[in-house]
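# Commentary on secondary and tertiary structure
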Amino acid sequence: MAKPLGSTGEFFRRRDEWRKHPMLSNQMKHALPGLGIGVAAFCVYLVGEQIYSKASVPSKSAHQHQEQPATSH
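Since the structure is predicted, the reported quantities are computational estimates derived from the model, not experimental observations.

## Here's the deal with the overall build of the chain
Scanning the chain from N- to C-terminus turns up 4 helices and 0 strands. Going from N to C terminus, the chain has its helices and strands arranged as α-α-α-α. Split into buried and exposed, the 73 residues of the chain put 0% on the buried side. Total accessible area computed for the chain in this model is approximately 7,600 Å², and 63% of it derives from carbon and sulfur atoms.

## Notes on the confidence of the model for the chain
Of all residues in the chain, 58% have pLDDT values of 70 or greater, and the mean over the chain is 76. Looking at the elements of the chain, mean pLDDT is at its lowest for helix α4 (residues 60-64), recorded as 59, and at its highest for helix α3 (residues 35-55), recorded as 95.

## Quick word on a nonpolar patch on the surface
Among the surface-exposed residues, Leu-32, Leu-35 and Val-39 lie close enough to one another that they form a single nonpolar patch of about 260 Å² accessible area. Within the element layout of this structure, Val-39 appears in helix α3.

Definitions and limits used
Throughout this document, residue positions are counted from 1 along each chain, in the order its sequence is written. With pLDDT at 70 or above as the cut-off, local features in this predicted model cover only qualifying residues; side-chain atom pairs require 80 or more to be listed or tallied, and sums for whole chains, interfaces and linings still use all residues. Think of the side-chain values as coming from all heavy atoms in the structure, minus any hydrogens and water. Helix numbering and strand numbering both begin at the N terminus, where a helix is a DSSP run of H or I of at least 4 residues and a strand a DSSP run of E of at least 2. The cut-offs for exposure are 20% and 50% of the maximum accessible area for each residue type, with area from a 1.4 Å probe on protein chains only; residues under the lower value are buried, those over the upper are exposed, and the others partly exposed. Each accessible area is a Shrake-Rupley result for a 1.4 Å probe, and residues are judged covered by the shown protein chains and nothing else. pLDDT is defined as a per-residue confidence score from the predictor, taking values between 0 and 100. Only residues whose relative accessible area exceeds 30% and that take part in no salt bridge are eligible for patches, with like-charged residues grouped when within 9 Å of each other and nonpolar side chains (Val, Leu, Ile, Met, Phe, Trp, Tyr) grouped when within 5 Å. Salt bridge, as applied in this entry: a Lys or Arg side-chain nitrogen positioned within 4 Å of an Asp or Glu carboxyl oxygen.

Given below as structure tokens:
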């Protein structure tokens, strides 16, 4: 069990109650709602884009069958 605060402890406890007010705690969580989900979705997009770009690169054999323009010297 906790010790009784007495008049001095009670005075300071009441003075410090403002620090626990909901407007002052967790400001970033309330100021930027959805930021974490947005960052995660953007990371998934970037990974998906990298996978797609690597999968859609034409193979070297496809380049060999194309006609190359004649160059005049």
